[in-house]
Structure formats: structure tokens, C-alpha cells
Protein chains: 2
Amino acid sequence: MKTRGKLSRERIVQLALSLLDSAGTEGFSMRKLAAQLEVDPMAIYYHFANKSDLLHAVMQSMMENCEVPEPSGDWRADIRNLCHGLRRMAKKHPGTFCIYETYDQWLPAEHRLHEAFHSTLLQAGFSRKRAVRAVRVLLIYAEAFAVDEISGWLDPADQAELAESLRSGPYPTLSSLIEEIGTVDADSEFEFGLDVLISGLESGIRET
Amino acid sequence: MKTRGKLSRERIVQLALSLLDSAGTEGFSMRKLAAQLEVDPMAIYYHFANKSDLLHAVMQSMMENCEVPEPSGDWRADIRNLCHGLRRMAKKHPGTFCIYETYDQWLPAEHRLHEAFHSTLLQAGFSRKRAVRAVRVLLIYAEAFAVDEISGWLDPADQAELAESLRSGPYPTLSSLIEEIGTVDADSEFEFGLDVLISGLESGIRET
DNA sequence: ACCTGAACACCGTTCAAGT
DNA sequence: ACCTGAACACCGTTCAAGT
């Protein structure tokens, strides 16, 4: 009812989201989006101030749909679930997530997730300062892992390329590890990192 | 002696490196670089196939200058030093480092650093598989931390913006933590993450 | 061998105009 | 209120030409 025309903020955002995720950061442009909307490029500018204003709305839409599981009482399990939810969201919206990772302002929609992280750790007995620091480390890890995953840091074809690349100098250790470096199971890899972080965090809950 | 002209691969790379680091990813372009070199934009294309070929060389130059401290025998200290070296390099070359982070191919110049990481952990008694996984987690953390630092995730001015942004909904935990979230000392923050990771890693050296 | 210059297919965005 | 269309200042890059 707000719009009699063919366009609406909602329709633009939804199509932008899917175009960004399917075409990637490089393949996305205001002009291509307009073409998909079957509209003049400048029509979008009636609804959004500029490209980054639109991207802001797109990121908001992504974050609003992020699963934030309910707390179970076991902070270790809850933290894991929150990280998994974040990773699932990233894989569902690879293009948008990469934009989000280089975005330097607060997104209201991310507060819901951050609230859950922080309250989980405070409940678990973390001091305020330690909780904030722990969340920061966990988010850095989970998000950067997801970005690496999106950019394809696990294709088995890489193994040959690595071997080729290593011929540029004597790297005995790396050469002996080609198989291990090339063989990556993303799921268990992610789990491993969470194990390390959580066990590192539980050794000093009372500190600081 | 390879070039009689005003241009050379070396000169182009050095100026590209400093332009990229001072102007940032957005501010860098082939045309602006050519202007600084006082040369026609297309002159660069005689020395490099295209933009990403040039950026590859720029990243190589950055990584070649990365400090890779000698092993001391104490793997905990060595891992910390390697991570600090990486972070220092990132802060010295913010623009180039951000390009590097979204680059999806092997850079020969990064093998030196990775070799040091892996051999340190193997010496410390990590199994091959566990060493590879540990390095991956450590690099993800150190690099993503550096990127966050570069994009300015620690300015004290953010505190007011966060408070404003939190008014969009009820976020009791976050609201109570505004001060802690806004007050970040990057150095000790980085150290905290390393503490967590290393203590998490030492709890299971013999596993897997 | 090394650089120039015009040209092309893209961008995001301003601004005036149409309905 | 909502969209169009021409125009501008940018891109990266191809291709033919100059020295």
C-alpha cells in the first residue's frame, strides 16, 4: 500500500540480496540490479540514497534472518550453536556476508546475536571485561573462518597448485605437509577451532 | 639495466604499494597510479598483464618484507612472535593487507611465514594433522584481528554510536556493557586472543 | 623495447524532466 | 509520488600507433 509502482524497498532489497549472493561482490552493480528489476537504474535512487545505503539494508535483511538459538544453560554448547548459526548464515549469503565483513558501522540487526553471545558468557560466570573480550575473539574466529570457506580455501585441486607453488624455494616442512594442508574437512576444521577457543576460555573464567 | 625508460616493474610495484597503503583499496586505481608515475595509464600494461597481476606483485613485495623471527625453542613464545610479526606487517601495509585477505591464490612469499609456523609446532610435538589445523586457526585469528584493527574497530568515538544504535531494541546485556565494548586496547586485546588460543592448543598436543 | 592515445564497455551518481 | 533519460566523472582494458 505504500507503493503503487512496481518498486518497493522490500522488493529491491530482496532482489539485491539474491543478486549479491549469486553473482558475488564483483558481479553486483546498481545497473545490473536495475536490469533485473526491469527498471531504469536511477529508479532505485528514489528508494535509497546510494549504493551503500542499499547495501546497509541488504545486510540488515541478512542479519535479521540469522538463527539465534535459545540458551540451554550449557554455555559451551550455546556458544557453539551461536557460532554454527553464524556460519550457516554466511554460507547462505556468501556475497552479502563478505560485504558485511568489510563494513565498519554498527548494524542494528547484529545486536540480537551479540546480545546472545554476551549474556551467555555472563551467565557462565565470565567477568564483564572477559566476556567482552571472549566474544570478540569468538566472532573474529567464526566470521573469518566463514569468509575463508566462502572464498574456497578447501578445494582439493589446490593440492597440486600448492606443490607447484612450493617449488619456488626450499620449504621442507610445508612440502612434507602438502597432503594434510590440501585435505580439509571444513566441518571438523571449524569444530577444532571452537574446541581450542572454548578450552582456552574455560581455563581462566575467574581471571581479570 | 633491464629498462632504459622511466618505468620498471620495481618502481611501479613500490609506488603501487605506497599508494594502496595511503589511499586504501577504494582510492587506488591504475589511472591514479599512472598519474603518480607521470605516465600514460597504459604504460603500466607493458610491465604487467593487468591489475590483479600488478596486485599480486605488490602483495609479494609486502610478504617478502614480513619479519619472520628465528625459533627460540619455546614454541609458545615463537608462535606469539610470528603472530606479532604478521600484525606489524598488516599495520604497516593496511591497504595491501586487506587485498591480501581477500586473495584466493597462493603467494610464494607467504610460504616463508607458513613454514616457520608449521615447523615450530611440529618441533613442539604436535602431530602433523594437529599442527596444520593449529596453524590455520592461528592465522585466521591473527589476520582477521589485524583487518578489524585496520578498519578501525577500536575508536573510542564508537561508544556513543553504539549507545545510539542500541536504542533500536531492548538489549539489556549489551547496554550494560557499552563501556567495556567501547574501551578497547588493541595490544592487550590481541594478547588475550593469543593466550586463549595457545592455552587451548596446549591442552591437547598429544591428541588426534 | 617501451610508451602513447583514442576508443569501448563498464561503473555510481547528479540533475532536470516526465507522468 | 514515483520513475525516466541524458549527462558527467570515473573505472579497467583492447588495439593500433608512435619512437
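Residues numbered from 1 in each chain as written. Chains lettered and ligands numbered in written order. Predicted model: local features only at pLDDT ≥ 70, side-chain atom pairs only at ≥ 80, totals over all residues. Heavy atoms only, no water.

Some points on the overall build of chain A
Rules: What counts as a helix is a DSSP run of H or I of at least four residues, what counts as a strand is a run of E of at least two, and both are numbered from the N terminus. Here's how the labels work: a residue is buried when its accessible area is under 20% of the maximum for its type, exposed when over 50%, partly exposed in between, all with a 1.4 Å probe on protein chains only. Contact between two residues is taken to exist if any of their heavy atoms lie within 4.5 Å; hydrogens are not considered. Here, Shrake-Rupley sampling with a 1.4 Å probe gives the accessible areas, and only protein chains in the shown set may cover a residue. Note on charges: Lys and Arg go in the positive column, Asp and Glu in the negative column, and His and the chain ends are not counted at all. In plain terms, the charge of a residue is placed at NZ if it is Lys, CZ if Arg, CG if Asp and CD if Glu.
A count of helices and strands for chain A gives 12 helices and zero strands. When its helices and strands are written in sequence order, chain A yields α-α-α-α-α-α-α-α-α-α-α-α. Relative to its 208 residues, chain A shows a buried fraction of 51%. Residue pairs in contact within chain A that sit at least 24 positions apart in sequence constitute 71% of those at least 6 positions apart. Per element, the accessible surface of chain A, about 10100 Å² overall, is 51% carbon and sulfur. Here chain A holds 22 positive side-chain charges and 31 negative ones, and the gap between their average locations is 9 Å.

Section: the protein's contact with DNA strand D
What counts here: Each residue is tested against the molecule or strand, and it is near if at least one of its non-hydrogen atoms lies within 4 Å. N or O atoms within 3.5 Å of each other form a polar contact, as long as, within protein, one can give a hydrogen and the other can take it, and as long as residues adjacent in sequence are counted only when both atoms are side-chain atoms. Gly falls in the polar group here, along with every residue not listed as nonpolar (Ala, Val, Leu, Ile, Met, Phe, Trp, Tyr, Cys, Pro) or charged (Asp, Glu, Lys, Arg).
Taken together, 19 residues lie near DNA strand D, and A:D40, A:H47, B:R31, B:M42 and B:Y45 sit nearest. Backbone atoms, meaning sugar and phosphate, make up 55% of the atoms of DNA strand D lying within 4 Å of the protein. A:K6 has a polar backbone atom sitting 3.2 Å from a phosphate oxygen of DNA strand D. At 2.5 Å from a base nitrogen of DNA strand D is found a side-chain nitrogen or oxygen belonging to B:R31. Secondary structure elements with two or more residues in the surface near DNA strand D: α3 (44–47) of chain A together with α2 (30–37) of chain B. With three residues, α2(B) is the largest single contributor of residues to the surface near DNA strand D. Counted by class, the surface near DNA strand D contains eight nonpolar, five polar and six charged residues.

A word on the nonpolar core
The condition that has to hold: Residues grouped as a nonpolar core are buried Ala, Val, Leu, Ile, Met, Phe, Trp, Tyr and Cys residues, joined through side-chain atoms within 4.5 Å.
By size, the foremost hydrophobic cluster in this structure holds 122 residues, and its most contacted members are A:L54 and B:L54. Among all residues touching A:L54, those that are not within four sequence positions of it are A:I12, A:V13, A:A16, A:F28, A:M30, A:L33, A:I44 and A:F48.

A word on the state of the cysteines
Such a bond, covalent and formed between the sulfur atoms of two cysteines, is termed a disulfide. Residue and element names in this part refer to chain A. Put simply, the rule is: The definition used for a disulfide is geometric: two cysteine sulfur atoms within 2.5 Å.
Summed over all chains, the structure comprises zero disulfides over all chains. Considering cysteine sulfurs only, C66 is the nearest to C83, which forms no disulfide, with 11 Å between them. Classification of C83 as buried rests on a relative accessible area of 0%.

Details of the interface of chain B and chain A
Put simply, the rule reads: By convention, the term buried area covers the 1.4 Å-probe accessible surface removed from two parts as they join, with the contributions of both added. Every case where a carboxyl oxygen of Asp or Glu lies within 4 Å of a side-chain nitrogen of Lys or Arg is listed as a salt bridge.
Taken together, the 52 residues of chain B in the interface contact 52 residues of chain A. Summed over both sides, the interface between chain B and chain A buries roughly 4900 Å², with carbon and sulfur atoms accounting for 65% of that surface. At the surface where chain B touches chain A, the tally comes to six salt bridges. With its nearest N and O atoms 3.4 Å apart, the salt bridge here joins B:E189 to A:R133. Our count for the chain B to chain A interface comes out at 20 residue pairs in polar contact (both at pLDDT 80 or more). Mapped by element, the contributors of at least two residues to the side of chain B that touches chain A are α7 (111–123), α8 (128–150), α9 (158–166), α10 (172–176), α11 (178–182) and α12 (186–202) of chain B. Of the residues forming the side of chain B that touches chain A, the biggest block, 13 residues, is contributed by α8(B). Per-class residue counts for the side of chain B that touches chain A are 24 nonpolar, 15 polar and 13 charged.

Re the pattern of salt bridges
According to the stated counting rule, one finds 22 salt bridges over all chains in the structure shown. Of the charged contacts in the structure, one is a salt bridge between A:R136 and B:E189, with a shortest N-O distance of 2.9 Å. With A:R136 in helix α8 (residues 128–150) and B:E189 in helix α12, this pair bridges two chains. Accessibility expressed as a relative area gives 6% for B:E189, which makes it buried. Taken together, the shared-partner salt bridges connect A:R87, A:K91, A:E149 and A:D187 into one network.

As for the domain arrangement of chain A
All names here are of chain A. What counts, and what does not: These domain boundaries are the output of an automatic or database domain assignment.
Taken domain by domain, chain A consists of domain 1 (4–48) and domain 2 (70–203). With centres defined by C-alpha atoms, the gap from domain 1 to domain 2 works out at 31 Å. Of the residues lining the interface, four residues belong to domain 1; the matching set on domain 2 comes to seven residues. Surface buried jointly by domain 1 and domain 2 totals about 440 Å² across both partners, of which 61% is contributed by carbon and sulfur atoms.

Some remarks on the protein's contact with DNA strand C
A:R31, A:M42, A:Y45, B:D40 and B:H47 are the nearest of the 20 residues found near DNA strand C. A breakdown of the atoms of DNA strand C within 4 Å of the protein gives sugar and phosphate a share of 53%. One of the side-chain nitrogen or oxygen atoms of A:R31 is found 2.5 Å away from a base nitrogen of DNA strand C. The contact in question runs from a phosphate oxygen of DNA strand C to an N or O atom on the side chain of B:H47, over 2.7 Å.

Some thoughts on the packing of helix α5 (residues 75–92) of chain A against helix α7 (residues 111–123) of chain A
Residues and elements named next belong to chain A. Under the convention used in this document: Helix axes are fitted only over the stretch in contact, all axes being lines through C-alpha atoms; the angle between N-to-C directions runs from 0 to 180 degrees. For classification purposes, angles smaller than 35 degrees are called roughly parallel, those larger than 145 roughly antiparallel, those between 65 and 115 roughly perpendicular, and all remaining angles oblique. Put simply, a crossing is left-handed when the front helix is turned counterclockwise from the back one by less than a right angle, and right-handed when it is turned clockwise.
Packing of α5 against α7 brings their axes to within 10 Å, and their N-to-C directions diverge by 165°. What the angle tells us is that α5 and α7 run roughly antiparallel. You can see that α5 and α7 cross each other, and the crossing is left-handed. Contacts between α5 and α7 pair W75, D78, I79, L82, C83 and L86 from the former with L113, A116, F117, T120 and L121 from the latter.

Description of the environment of B:F97
All names here are of chain B. Positionally, F97 belongs in helix α6 (residues 94–101). Put simply, F97 and T25 are 72 residues apart on the chain and 9.9 Å apart in space, counted from C-alpha to C-alpha. Once residues lying within four places of it in the same chain are set aside, the contact partners of F97 are M62, L86, M89, A90, E143, A146, V147 and I150.

Structural notes on the packing of helix α4 (residues 51–64) of chain B against α6(B)
All names here are of chain B. At a closest axis distance of 10 Å, the pairing of α4 and α6 adopts a crossing angle of 115°. Comparing their axes, α6 and α4 come out roughly perpendicular. Handedness of the α4/α6 crossing: left-handed. Within the contact between the two elements, α4 uses L55, V58, M59, M62 and M63 and α6 uses T96, F97, I99 and Y100. Here the residues of the contact of α4 with α6 sort into eight nonpolar, one polar and no charged.

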